[in-house]
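Examination of the molecular architecture
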Amino acid sequence: MNQGTRNYAIVTAAYWGFTLSDGALRMLVLLHFYRLGYSPFTLAFLFLLYEAMGVLANLIGGWLATRYGIARMLAVGLATQITGFLLLSALSPTWTVALSVAWVVGAQGICGVAKDLTKTASKSAIKLTAGEASGQLFKWVAFFTGSKNAMKGVGFFLGGLLLQSLGFQAALWTMAGLLALVFVGVVAFVPPLMGKSKASKSAKELFAKNRGINLLAAARVALFGARDVWFVVGVPVFLYASGWTFTMVGGFLALWTIGYGAVQAAAPALVKRSDDGLSSEVPAARAWSAVLALVPVVLAGLVLAKVDHLEWVVVAGLGLFGFAFAINSSVHSYLILAYAGSEKAAEDVGFYYAANALGRFFGTLMSGLLYQWGGLAWSLIGSAVMLTICWLVTLALPLASPGDTAARRQLDGALTRKA
């Protein structure tokens, strides 16, 4: 095993451990506070700072990873997550509702910082270890992203299991202990200066991304908003209100996420490849965005028509949504690294995932509001609107990276001089 493959394997394993705990945390908080009688909007509110802090964490995390190295930022992310778990475990049932909500929102904000610091560092490591071949890069990105989401699905199930068997506080202590072991592994085995480079010196330089990255970031806001507008509150509450148990709801979300991750990992076999890494992949992003936008439209119509066995129709429809969403997400995750420069890949990835976090924030907010205003149908209509925006943005994605354009200009210039 060469050094690049070894580093990729270690970073991926570390992020698996982190993602397992992150998925479990979401289920712990959602189920625990729903059981205590919190409204759909309040449940969404508990996650808002978690998502909002991700925007800042991705931007700063990319800059810090470039300046101080990927391994150091992985370690900081893991330590921050452990801190958030310990703060959540200090929550007391004797506190008022207002104080409890404020405490949970604050602790979730810390965990949101941890998540996106860790994700930005981990995704940036792939650009550095996969080499220049677009085929290798797509495969490694797809496996990383797909396996990460499958692990998050396992985390959803684990969160419900730990809540039922150990209780809220003990479950958080257990997860903090497991993450401490992952932290030790990162410090011991990941090269401390991996990914260290010359960071941007100004905010203008940090935000001055190329056209492909800017457009892809805009599409990502709409794509992930379209998922979370039903995923965070709408569907879990709808299924529970339809007579499902907490175990059944958590099991569905776990299976959906695991299946979504499996499709992501298989995306390279489902998307036509090109020698330049963009001429087939960008049209694929456009086509899959159009397909995905149709799913919530049809599903919202069925919900409004109140068809028989509606909960199972919703489950089947969201299975189709998950398949098309997984292909979209995997292609996007590849394209950001294809458009990114190698020297400041961490900053480019951080900027892109800041947009990802912004989409999750908006989707989470609208999930609580739309479900409270109009039920699941409104959540699905909101998803369809966002996906239409995503498709329109992908139509403008360039078919060449800035590096390709620069190289082509140099070649043209040389040919002109020779002529």
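Residues numbered from 1 in each chain as written. Predicted model: local features only at pLDDT ≥ 70, side-chain atom pairs only at ≥ 80, totals over all residues. Heavy atoms only, no water.

The next subject is empty space enclosed by the protein. Under the definition given, this model contains 4 cavities of 30 Å³ or more. Its volume calculated, the largest cavity comes out at about 140 Å³. Elements with a contribution of two residues or more to the lining of the largest cavity: α1 (3-35), α4 (97-129), α5 (134-165), α8 (211-231), α10 (246-270) and α13 (345-394). For the lining of the largest cavity, a count of residues per class yields 5 nonpolar, 6 polar and 9 charged. (1 Å grid on protein atoms, 1.4 Å probe; cavity = no way out; pocket = protein on both sides within 12 Å on 5 of 7 lines; lining within 4 Å. Points joined across faces, edges and corners; volume = space filled by probe spheres on them. Helix = DSSP H or I, 4+ residues; strand = E, 2+ residues; numbered from the N terminus. Nonpolar A, V, L, I, M, F, W, Y, C, P; charged D, E, K, R; others polar.)

Okay, the packing of α8 against α10 next. Running from amino to carboxyl end, α8 crosses α10 at an angle of 160°, the nearest separation of the two axes being 13 Å. Between α8 and α10, the angle falls in the class roughly antiparallel. Here α8 runs over α10; the crossing is right-handed. Facing Phe 224, Arg 227, Trp 230 and Phe 231 of α8, the residues of α10 in contact are Leu 253, Trp 256, Thr 257 and Tyr 260. Tallied by class, the residues present in the contact of α8 with α10 amount to 6 nonpolar, 1 polar and 1 charged. (Axes fitted to C-alpha atoms, helices over the stretch in contact; angles between N-to-C directions. Parallel < 35°, antiparallel > 145°, perpendicular 65-115°, else oblique. Left-handed = near helix turned anticlockwise from the far one by under 90°. Contact = heavy atoms within 4.5 Å.)

It is worth spelling out the pattern of salt bridges at this point. For the structure shown, the criterion picks out 2 salt bridges. A salt bridge links Asp 22 to Lys 115; the nearest nitrogen and oxygen atoms lie 4.0 Å apart. Of this pair, Asp 22 sits in helix α1 while Lys 115 sits in helix α4, and the two are 93 residues apart along the sequence. We classify Asp 22 as buried; its relative accessible area is 5%. Accessibility expressed as a relative area gives 6% for Lys 115, which makes it buried. For Arg 227, the salt bridge is made with Asp 228, and the minimal N-O distance between the two is 2.8 Å. Just as Arg 227 is buried, Asp 228 falls in that class too. (Salt bridge = Lys/Arg side-chain N within 4 Å of Asp/Glu carboxyl O. Buried < 20%, exposed > 50% of the residue type's maximum accessible area, 1.4 Å probe, protein only.)

A separate point is unusual backbone geometry. Here the phi dihedral of Lys 306 falls at roughly 55°; this positive angle occurs in a residue that is not glycine. Within the secondary structure, Lys 306 is located in the loop between α11 (281-305) and α12 (310-339). On the accessibility criterion, Lys 306 (69% relative accessible area) is exposed. Even without a glycine there, the phi angle at His 309 is positive, about 50°. With respect to the helices and strands, the residue His 309 is situated in the loop between α11 and α12.

Moving on, we come to the confidence of the model for the chain. On average, residues of the chain score 79 in pLDDT, and 81% of them reach the 70 mark or higher. When the elements of the chain are averaged for pLDDT, helix α14 (residues 402-418) gives the smallest value, 40, and α11 the largest, 92. Counting contacts from residues 405-419, a segment whose pLDDT is below 50, to residues more than four positions away or on other chains yields 2 contacts. (pLDDT = per-residue confidence, 0-100.)

Turning to the packing of aromatic side chains, a few remarks are in order. We describe a pair of aromatic rings using the distance from one ring centre to the other and the angle between the two ring planes. Applying the stated rule across the entire model yields 15 aromatic pairs. Ring centres 6.0 Å apart and planes at 55° place the aromatic pair Trp 288 and Phe 323 in the tilted group. Of this pair, Trp 288 sits in helix α11 while Phe 323 sits in helix α12, placing them 35 residues apart in sequence. With relative accessibility at 22%, the residue Trp 288 sits in the partly exposed group. Looking at Phe 323, the relative accessible area reads 37%, which means it is partly exposed. (Phe/Tyr/Trp six-rings, centres within 6.5 Å; stacked < 30°, edge-to-face > 60°.)

What follows deals with the nonpolar core. By size, the foremost hydrophobic cluster in this structure holds 120 residues, and its most contacted members are Phe 33, Leu 46, Phe 252, Leu 318, Phe 321 and Leu 335. In terms of residues, this core owes the most to one element, α12, which gives 16 residues. Non-local contacts of Phe 252, meaning those with residues more than four positions away in its chain, are made with Val 235, Leu 239, Trp 244, Val 315 and Leu 318. (Core = buried A, V, L, I, M, F, W, Y, C linked by side-chain atoms within 4.5 Å.)

A few words now on the environment of Leu 181. With respect to the helices, strands and loops of the structure, Leu 181 is situated in helix α6 (residues 168-189). Judged by relative accessible area, which is 62%, Leu 181 ranks as exposed. Along the backbone, Leu 181 and Gly 17 are 164 residues apart, and their C-alpha atoms lie at a distance of 9.4 Å.

This part takes up helix α3 (residues 70-89). Each α-helix winds once per 3.6 residues, and so residues spaced three or four apart point in a common direction. An ideal rise of 1.5 Å per residue puts 28 Å on 20 residues; α3 measures up with 29 Å between its terminal C-alpha atoms. Within α3, 14 of the 20 residues are buried, which leaves the element mostly enclosed by the surrounding structure. (Expected span 1.5 Å × (residues − 1).)

When two helices pack together, their arrangement is given by the angle between the helix axes and the distance between those axes. Between α3 and α6, the shortest axis-to-axis distance is 9 Å and the interhelical angle comes to 165°. In terms of their interaxial angle, α3 and α6 are classed as roughly antiparallel. Crossing geometry of α3 relative to α6 is assigned as left-handed. On α6, the residues touching Ala 71, Leu 74, Ala 75, Leu 78, Ala 79, Gln 81, Ile 82, Phe 85, Leu 86, Leu 88 and Ser 89 of α3 are Phe 168, Gln 169, Leu 172, Trp 173, Met 175, Ala 176, Leu 179, Ala 180, Val 182, Phe 183, Val 186 and Val 187. Along the lines of polarity and charge, the residues of the contact of α3 with α6 split into 20 nonpolar, 3 polar and no charged.

It is worth spelling out a nonpolar patch on the surface at this point. On the surface, Leu 304, Trp 373, Trp 378, Ile 381, Val 385 and Ile 389 cluster together into a nonpolar patch covering about 640 Å² of accessible area. For the nonpolar patch, the element with the highest residue contribution is α13, accounting for 5 residues. By the element assignment, Ile 381 lies in helix α13. The class of Ile 381 is partly exposed, set by a relative accessible area of 40%. (Patch = residues over 30% accessible without salt bridge, like charges linked within 9 Å, V, L, I, M, F, W, Y side chains within 5 Å. Areas by Shrake-Rupley, 256 points an atom, 1.4 Å probe, with all protein chains shown as cover.)

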